[in-house]
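# Results of the structural survey
Each chain, letter by letter, is given below.
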Amino acid sequence: MSKSSNPKGRTTIEVGADGVAVITIINPPVNSLALDVLYSLKENYDQALRRDDVKAIVVIGANGKFSGGFDISAFGKLQGGTVESPKPGFISVEILTDTVEAARKPSVAAIDGLALGGGLEVAMACHARISTPNAQLGLPELQLGILPGFGGTQRLPRLVGLAKSLEMMLTSKPVKGEEAVNLGLVDAVVPSNQLLDTARKWALDILECRKPWVASLHKTDKIEPLGEAREILKFARVQTRRQAPNLQHPLVVIDVVEEGIASGPRAGLWKEAEVFQSLLHSDTCKALVNVFFAQRATTKVPGVTDLGLKPRRIKKVAILGGGLMGSGIATALLLSNYPVILKEVNDKFLQAGLGRVKANLQSSVKKGKMSPEKFEKTLSLLKGALDYEDFRDVDMVIEAVIENVSLKQQIFADLEKYCPPHCILGSNTSTIDLNLIGEKTKSQDRIIGAHFFSPAHVMPLLEIVRTQKTSPQVIVDLLDVGKKIRKTPVVVGNCTGFAVNRMFFPYTQAALLLVERGADVFRIDRVITKFGMPMGPFRLCDLVGFGVAIATGGQFVMNFPERTYKSMLIPLMQEDKRAGETTRRGFYVYDDRRKASPDTEIKKYIEKAREMSGVTIDPKMEKLSDKDIIEMIFFPVVNEACRVLAEGIAVKSSDLDISAIMGMGFPPYRGGIIFWADTLGSKYICSRLDEWSRMYGDFFKPCSYLAERASKGAPLNAATDSAKSRL
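Procedures and definitions
Residues numbered from 1 in each chain as written. Predicted model: local features only at pLDDT ≥ 70, side-chain atom pairs only at ≥ 80, totals over all residues. Heavy atoms only, no water. Helix = DSSP H or I, 4+ residues; strand = E, 2+ residues; numbered from the N terminus. Rg over C-alpha atoms; globule rule 2.2 N^0.38 Å. Buried < 20%, exposed > 50% of the residue type's maximum accessible area, 1.4 Å probe, protein only. Contact = heavy atoms within 4.5 Å. Areas by Shrake-Rupley, 256 points an atom, 1.4 Å probe, with all protein chains shown as cover. Lys, Arg positive; Asp, Glu negative; His and termini not counted. Charge placed at Lys NZ, Arg CZ, Asp CG, Glu CD. Arc of directions from axis to C-beta. Patch = residues over 30% accessible without salt bridge, like charges linked within 9 Å, V, L, I, M, F, W, Y side chains within 5 Å. Salt bridge = Lys/Arg side-chain N within 4 Å of Asp/Glu carboxyl O. Core = buried A, V, L, I, M, F, W, Y, C linked by side-chain atoms within 4.5 Å. UniProt positions renumbered as here; feature names shortened; annotations may be inferred. Expected span 1.5 Å × (residues − 1). Axes fitted to C-alpha atoms, helices over the stretch in contact; angles between N-to-C directions. Parallel < 35°, antiparallel > 145°, perpendicular 65-115°, else oblique. Left-handed = near helix turned anticlockwise from the far one by under 90°. Phe/Tyr/Trp six-rings, centres within 6.5 Å; stacked < 30°, edge-to-face > 60°. Lys NZ or Arg CZ within 6 Å of the ring centre and 35° of its normal. Disulfide = S-S within 2.5 Å. Pairing = 2+ DSSP bridges. Nonpolar A, V, L, I, M, F, W, Y, C, P; charged D, E, K, R; others polar. Right-handed = clockwise from strand over helix to strand, strands pointing away.

### Observations regarding the overall build of the protein chain
Each helix and strand in the protein chain was counted, giving 32 helices and 19 strands. The C-alpha radius of gyration of the protein chain comes to 29 Å, within 12% of the 27 Å expected for a compact globule of 727 residues. Along the first, second and third principal axes, the C-alpha atoms of the protein chain reach 85 × 65 × 55 Å. Expressed as a percentage of its 727 residues, the buried residues of the protein chain come to 57%. Of the contacts formed within the protein chain by residues at least 6 apart in sequence, a portion of 73% connects residues at least 24 apart. With an accessible surface of roughly 30,900 Å², the protein chain has 54% of that area assigned to carbon and sulfur atoms. Each charge class in the protein chain can be summarised by its mean position, and for the 94 positive and 81 negative side chains these summaries are 1 Å apart.

### Quick word on helix 3 (residues 73-80)
Here helix 3 has its buried residues at Ala74, Phe75, Leu78 and Gln79. In a view along the axis of helix 3, the buried residues occupy a sector of 135°, so they form one face of it. Taken from the residues just after helix 3, Gly81 is the one with a positive phi, measuring 75°.

### Regarding a nonpolar patch on the surface
On the surface, Leu543, Val544 and Val548 cluster together into a nonpolar patch covering about 240 Å² of accessible area. Its location among the elements puts Leu543 in helix 22 (residues 537-544).

### With respect to the nonpolar core
Residues Phe391, Leu415, Ile524, Phe587, Phe634, Leu656 and Ile673 are the most contacted members of the largest nonpolar core, which totals 102 residues. It is helix 27 (residues 626-646) that provides the largest number of residues to this core, a total of 12 residues. Val54, Leu78, Val275 and Val289 belong to the second-largest nonpolar core, a separate cluster that totals 72 residues.

### Topic: the UniProt feature "domain: 3-hydroxyacyl-CoA dehydrogenase NAD binding" (unreviewed entry) in the protein chain
Under the present numbering, the feature "domain: 3-hydroxyacyl-CoA dehydrogenase NAD binding" (unreviewed entry) in UniProt falls on residues 316-494. Counting secondary structure, residues 316-494 comes out at 40% helix and 21% strand; the distance between its end C-alpha atoms is 26 Å.

### Side note on helix 28 (residues 653-664)
Given a rise of 1.5 Å per residue, 12 residues ought to cover 16 Å, and the 16 Å separating the end C-alpha atoms of helix 28 matches this to within 8%. For helix 28, the tally of buried residues reaches 12 of 12 residues, placing the bulk of the element in the interior. Within the sequence span of helix 28, burial applies to Ser653, Ser654, Asp655, Leu656, Asp657, Ile658, Ser659, Ala660, Ile661, Met662, Gly663 and Met664. Within two residues after helix 28, Gly665 carries a phi angle of roughly 80°, on the positive side.

### Regarding the packing of helix 20 (residues 500-516) against helix 27
Orientation of helix 20 relative to helix 27, taken along the N-to-C sense of each, is 150°, at an axis distance of 8 Å. Relative to helix 27, the element helix 20 is oriented roughly antiparallel. Considering the relative orientation of helix 20 and helix 27, their crossing is right-handed. Two secondary-structure elements touch here, helix 20 through Arg502, Met503, Phe504, Phe505, Pro506, Tyr507, Ala510, Ala511 and Leu514 and helix 27 through Met632, Ile633, Phe634, Pro636, Val637, Glu640, Ala641, Arg643 and Val644.

### Some thoughts on the packing of aromatic side chains
A complete count under the given rule lists 26 aromatic pairs for this structure. Judged by centre distance (5.8 Å) and plane angle (55°), the ring pair of Tyr39 and Phe90 falls under tilted. Highlighted residues: Tyr39 in helix 2 (residues 35-50) and Phe90 in helix 4 (residues 90-101), separated in sequence by 51 residues. Given the relative accessible area of 21%, Tyr39 is considered partly exposed. With a centroid separation of 5.7 Å and 40° between ring planes, the pair formed by Tyr507 and Phe634 is classed as tilted. On the criterion of sequence distance, the pair formed by Tyr507 in helix 20 and Phe634 in helix 27 is long-range, its members being 127 residues apart. Overall, Tyr507 belongs to the buried group, its relative accessible area being 1%. In this structure, Lys211 packs its charged tip against the face of Trp202, placed 4.5 Å from the ring centre. Its end group placed over the ring of Phe292, Arg296 keeps NZ or CZ at 3.7 Å from the ring centre.

### Some details on the pattern of salt bridges
Two side chains with opposite charge may pair up if their charged atoms get near one another. In the structure shown here, the tally under the stated rule is 42 salt bridges. Residues Asp53 and Arg51 are paired through a salt bridge, measuring 3.0 Å at the closest nitrogen-oxygen approach. On the basis of relative accessibility, which here comes to 40%, the residue Asp53 falls in the partly exposed class. The class for Arg51 is partly exposed, based on a relative accessible area of 29%. Across the pair Lys712 and Glu708 runs a salt bridge, and its minimum N-O distance is 3.4 Å. Of this pair, Lys712 and Glu708 both sit in helix 31 (residues 704-712), four residues apart, which is roughly one turn of the helix. Owing to a relative accessible area of 56%, Lys712 belongs among the exposed residues under this scheme. Linked by salt bridges that have partners in common, Arg502, Glu562, Arg563, Glu640, Arg643 and Glu647 make up one network.

### Regarding the UniProt feature "domain: 3-hydroxyacyl-CoA dehydrogenase C-terminal" (unreviewed entry) in the protein chain
Within this structure's numbering, the places UniProt gives as "domain: 3-hydroxyacyl-CoA dehydrogenase C-terminal" (unreviewed entry) are residues 497-590. Spanning residues 497-590, this segment combines 61% helix with 3% strand, and its end C-alpha atoms are found 30 Å apart.

### Some thoughts on the state of the cysteines
Overall, the coordinates contain zero disulfides when judged by the stated rule. The closest cysteine sulfur to the non-disulfide-bonded Cys209 is located on Cys126, 18 Å from its own sulfur. You can call Cys209 exposed: its relative accessible area is 69%. The cysteine Cys419 is free of any disulfide, with Cys423 supplying the nearest cysteine sulfur at 4.2 Å.

### Focus: the sheet that holds strand 8 (residues 175-176)
Pairing is mixed in the open sheet, where three strands are placed in the order 5-7-8. Edge positions in the open sheet fall to strand 5 (114-116) and strand 8, since each of these has one partner strand only. Running over the sheet, helix 5 (residues 118-125) touches strand 5 and strand 7 (136-138) and is turned about 95° from strand 5.

### Re the packing of helix 21 (residues 521-531) against helix 27
A packed helix pair is summarised by two numbers, namely the angle formed by the two axes and the spacing between the axes. For the pair helix 21 and helix 27, interaxial distance at closest approach is 10 Å and the crossing angle is 85°. Classed by the angle they form, the pair helix 21 and helix 27 counts as roughly perpendicular. Residues Arg523, Ile524, Val527, Ile528, Lys530 and Phe531 of helix 21 lie in contact with helix 27, whose contacting residues are Asp626, Ile629, Ile630, Ile633 and Phe634. Each residue belonging to the contact of helix 21 with helix 27 can be placed in one class, and the counts come to eight nonpolar, no polar and three charged.

### So, the pairing of strand 11 (residues 340-343)
Of the two faces of strand 11, the one carrying Val340 and Leu342 and the one carrying Ile341 and Lys343 are both buried. As paired elements, strand 10 (residues 317-320) and strand 11 share four bridges and run parallel to each other. Note that in strand 11 the partner of Ala318 across the bridge is Ile341. At this point the chain moves from strand 10, through helix 14 (residues 324-335), to the parallel strand 11, and the crossover so formed is right-handed. Pairing of strand 11 with strand 12 (residues 382-385) involves four bridges; the strand directions are parallel. Within strand 12, the position partnered with Val340 by the bridge is Leu382.

Spelled out as structure tokens, the structure:
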């Protein structure tokens, strides 16, 4: 059945003269375990067990990869009911336990490349595992809101012990082959070219009793006595509640592991199968699967990446400005072996910039992520400059100076003179229109925004901003650089604030509106943090600094006057030398270790700002529920995200989901800003905004795109309409 429906995903069987049947998993690119592949695995296993010329079995993956796990694209089909779900326990009990593990013929998994998720679970059902030193072995299912569903919750603890198995599952971190052998997860490590031969020989050795025949489901030597085991599980629950207070599925994993220890592995397998089904249909799983596909879709840009263009090789990059952003961008490039020239206006600034880059790299050495030799080699790729002399052979420049239009215009005019004609001219501006920046140049086809988020060598998002004139080749080149420096690049159109900052400007403004009308600053931050943001809007203002907050806020007030909320609260505080974390006073006060404590003194500034705005305390605002606070802060963000979509600034709503998560820290388990909004419904969001705009003004007024979707009861995710028309 599998061969005709999906010739790509299958397994093959080949019996050698030595009597070993080699079953190969084939489903490029990572041999994912689509249902067809699993059915085919069972067919070939049954065949190997029936055949008299087969003494033992080796399971291997094609093209140097064992298996990257269950096919994630099948999740949506299973959730939507377009594909029939196999009956609970069919894979974990019938195929892997009662066919593979219970077989009268020994089997060995030969692991190269990846054995992740279901791939590792298949390998653990075999009687031994041989791996290459750099193969990655892990169970990352929790990242998708589910738990290992092919017996992993039962076999991993029995192979590596309870504490290590919980750590691997709860953090989703894989181990390499070399570590796996020490843990007992694999039995031996050999080079790739010896993998298959060693596995064949090992399988025959098991048959001849020269090597142990182990059913990992029934191993007990690594499991602590029940009392001790319960203590470990209890500790894991406490840690998990602290680290992921809004998530249920990590706690469910711990319950399933406990069931196996307390009631036996078979009972554990059935509980795992039952729980897997309910988690698969949970909101968290749907949200995290959305994030998984959205992240992979950011590099597909219609009219750009479908033209067959190949990225050009970027051999050398220059950065203008060695401040916090410039030094961070330089660090990110150096870490991926790009030679970098850092230019500053004078020697004092240059030394400070070079010092920042060095400190960033040294912190990698301190954390054990980089060897001292690698540090020296990486640092040698960096060169300082005070003029444009060294710019004659650079392939890309990224300008990272202060947000000043005339300064940036002057820089771009200079760059056009000194850089080679193919050089990409990038700007790290976070709000200023690129057409304005490149106004005085003739090279507008190679001007592009390369907007990093602070700190640039840590934050995962890279906003690639194109103007009407930016050439597709330049976009393709920057997408490639983004991938090489391990960023998730999102291509957006050119406007004030681009996608992320524009979408989130109402976040702080809504919070200010609430506070001026009587809500408590610190309660707002607590509620928003509890919702899952890394910090609330006021703590965020303190972190970025009031200077930046006023400068960027000013851009929005100037460009979108009809829908911004103008508050004097932050300027008033700044006048009093309270400018956020750097001055140790903002909305919070900070101690030597940068620990924030609420500051009651801000009440007087709020009263003064209230007077200046001419608003009075609204008793309703003092009694807002947590739900009201979340909606009043985030619905204006959703509203602005709808405008960004309607204007074509974002190519697709999933790009905004990823931008919100990676640029602003929106909780991934809520699926992204548009995905989350669609779980509440466009009708509900629009009616709430309507109600507030009648009470508090145009700041809350729903945009026409949102109103139109709400009138039809349609989701905000525009892609769903076109997708439905294709089905």
